[in-house]
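Notes for the structure review
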Amino acid sequence: MAMLRLSQILPIVAVLGLAQPAQAWWDAGHMQIAYVAYKHLDAPVKDKVDALLRLNPDYTKWSAGAPDDRTAKLWAFVHAATWADDIKNADYHYTRDSVDSATAGQNIGYADHNQHAYWHFKDTNFSPDGTPLPTPDPVDIVTQLKLMIAALPASSGASDDVRSYDLVWMLHLVGDAHQPLHASTRYTRQIPNGDSGGNLEMVIPATGETIALHAYWDAMFGGYDSPFGAVFDADDKGGISHLTVNDTSAQIVDPQSWIDESAQLAQQYGFAAPVSTGDNAVLLTREYETNVRNIARSQAALAAARLAKLINDALK
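Bear in mind the structure is a predicted one, so any value in this text is a computation, not a measurement.

Here's the deal with the overall build of the protein chain
On a plain count of helices and strands, the protein chain comes out with 13 helices and 7 strands. Relative to the globule expectation of 20 Å for 316 residues, the C-alpha radius of gyration of the protein chain, 19 Å, shows essentially globular dimensions. Taking all 316 residues of the protein chain together, the buried fraction comes to 55%. Roughly 13,400 Å² of accessible area belongs to the protein chain as shown, and the carbon and sulfur atoms make up 55% of that amount.

Structure representation (C-alpha cells):
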C-alpha cells in the first residue's frame, strides 16, 4: 500500500484552527462524532432513529434534563454513542466474554449480555523487525459492523430489538474504526506478543504525565462529556463540525476500507519516532503531537460523515 503523506491526509478534512487545543475517542469524542452525524440526518430518519433508540433501557437516562422533545431526541442519539463502552461497567452486569467463544459473532439484540470488547477493533498485525505475527481473530469490528449495517434497514427482516441494538453499537463502532490504534497492533523483538494496539508502549506528552500510547490517542478530545458539552465543543470555534469532509471519502461505507485507512495511519504516524519499539516511556516531540491532533480531528469528522450516510441510506 502506498504511504500517505500528512499533506495528503489533511485535504480529506480541511483542518481549521490548528492553534485551538484539540479535545476525543473517549466519551467526548464518540459524542461529538454522533452529534455531527445527527446534524446531517434527514428529518424523517431522525424520527425513525429515535423510535429505535427508545427500545434501549438507557433511553430515559440519555434524554434526562432535556428542555424539550427535540433536544431529548438529540441528546439520546449523542449519549447512545457511549453505550458500547458503558456496558463494560460492573453496574450493567454484562459478561466479559472471549473472541473464541461460540457466541462471539452473534447478533441477537438486547438479549445478548456479553460485553464483546473485541468488537471495538480489528488488529492489522505488523512488525518492523520480522517478529512472527499471529493469525488474526475471526470476529472483530469489521465482521460485526457488516452484520449490523445489513440488519439496520426495516427491509432486512431483523426485529426492531436487533435493529435498535445494532444502531446503538454502530454509533460507537464507526468512531472506533477511525481511531488508528483500534486498527493495528505492532510486534517487536522487545514486545513479541504484541502491544495490544499501543497499550503497552508508554509516552510522555507535553503535559508531563506518563500515559499508554493508545490512551494518549483516545484522549485527544478529552474525557467524559455530557451531550450538552459535546454539542458545545463540536460547534465551538475549531470544533469538528466546522471541518469540511472530502465528498469522495465520505461515500466510503465499507468497514474494512476504514480499518485499512486507520491501520496505515497507525503504522505511519502512530508508531512513528520517538515512540519506542519497547515499553519504555519516551518524550513525544511537538511534531508527533501536532500530527496526532490533526489526524484525530480529521478522522473524527470523517467518521461523522460516514456514520450519517450509513444511517440515512439504511432508514430513508
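A short note on unusual backbone geometry
Of note, the amide linkage connecting A273 to P274 takes the cis form, showing an omega dihedral of 15°. As for its position among the elements, P274 is in the loop between α12 (255–270) and β7 (282–283). Look at H93: it is not a glycine, yet its phi comes out positive at around 60°. If you trace the backbone, H93 turns up in the loop between α6 (83–86) and β2 (124–126). We classify H93 as exposed; its relative accessible area is 66%. In this structure, H116 takes a positive phi of about 50° despite not being glycine. As for its placement among the helices and strands, H116 is situated in the loop between α6 and β2.

Section: the sheet that holds strand β4 (residues 202–204)
Note: strands within a sheet are paired through backbone hydrogen bonds, in either parallel or antiparallel orientation. Taking strand neighbours across the sheet as the criterion, the 3 strands line up as β5-β4-β7 in an open arrangement whose pairing is mixed. The open sheet has two edge strands, β5 (211–212) and β7, and neither has a second partner. Pairing of β4 with β5, which is carried by 2 bridges, proceeds in the antiparallel orientation. Bridging from a neighbouring strand, V203 pairs with I211 of β5.

As for the packing of helix α3 (residues 43–53) against helix α5 (residues 69–80)
For any two helices packed against each other, one specifies the inter-axial angle together with the distance between the axes. As a packed pair, α3 and α5 sit with axes 10 Å apart at the nearest point and diverge in direction by 65°. Classified by chirality, the crossing of α5 by α3 is left-handed. On α5, the residues touching D47, V49, D50 and L53 of α3 are K73, A76, F77 and A80. Across the contact of α3 with α5, the residue classes tally to 5 nonpolar, no polar and 3 charged.

Observations concerning the pattern of salt bridges
By the definition in use, this model includes 12 salt bridges. Ionic pairing is found between K88 and D85, a salt bridge with its closest N-O pair at 3.1 Å. On the basis of relative accessibility, which here comes to 35%, the residue K88 falls in the partly exposed class. According to the relative accessible area criterion, D85 is partly exposed, its value standing at 24%. Across the pair K309 and D313 runs a salt bridge, and its minimum N-O distance is 2.8 Å. In this pair, K309 and D313 both sit in helix α13 (residues 286–315), 4 residues apart, roughly one turn of the helix. Because the salt bridges share partners, they merge into one network encompassing D47, D50, R54, D69 and K73.

Thoughts on α12
In terms of burial, α12 is a largely internal element, 12 of the 16 residues being buried. Of all the residues in α12, the buried ones are P255, Q256, W258, I259, S262, A263, Q264, L265, A266, Q268, Y269 and G270.

Quick look at the environment of A66
One can find A66 in the loop between α4 (59–63) and α5. Sequence separation between A66 and T277 is 211 residues; the distance between their C-alpha atoms is 48 Å. Beyond its immediate stretch of four places on either side in the chain, A66 contacts T71, A72 and W75.

Topic: the side chain of S262
Among the secondary structure elements, S262 is positioned in helix α12. In this structure S262 touches A177, H178, Q179, P180, A183 and Q299, once residues within four positions along its chain are discounted.

Topic: the packing of α5 against helix α10 (residues 227–235)
At a closest axis distance of 9 Å, the pairing of α5 and α10 adopts a crossing angle of 90°. One way to sum up the angle between α5 and α10 is to call them roughly perpendicular. Along its contact with α5, which presents L74, W75, V78 and H79, the element α10 presents P227, F228, A230 and V231.

Each value, and the rule that gives it
- Residues numbered from 1 in each chain as written.
- Predicted model: local features only at pLDDT ≥ 70, side-chain atom pairs only at ≥ 80, totals over all residues.
- Heavy atoms only, no water.
- Helix = DSSP H or I, 4+ residues; strand = E, 2+ residues; numbered from the N terminus.
- Rg over C-alpha atoms; globule rule 2.2 N^0.38 Å.
- Buried < 20%, exposed > 50% of the residue type's maximum accessible area, 1.4 Å probe, protein only.
- Areas by Shrake-Rupley, 256 points an atom, 1.4 Å probe, with all protein chains shown as cover.
- Pairing = 2+ DSSP bridges.
- Axes fitted to C-alpha atoms, helices over the stretch in contact; angles between N-to-C directions.
- Left-handed = near helix turned anticlockwise from the far one by under 90°.
- Contact = heavy atoms within 4.5 Å.
- Nonpolar A, V, L, I, M, F, W, Y, C, P; charged D, E, K, R; others polar.
- Salt bridge = Lys/Arg side-chain N within 4 Å of Asp/Glu carboxyl O.
- Parallel < 35°, antiparallel > 145°, perpendicular 65-115°, else oblique.

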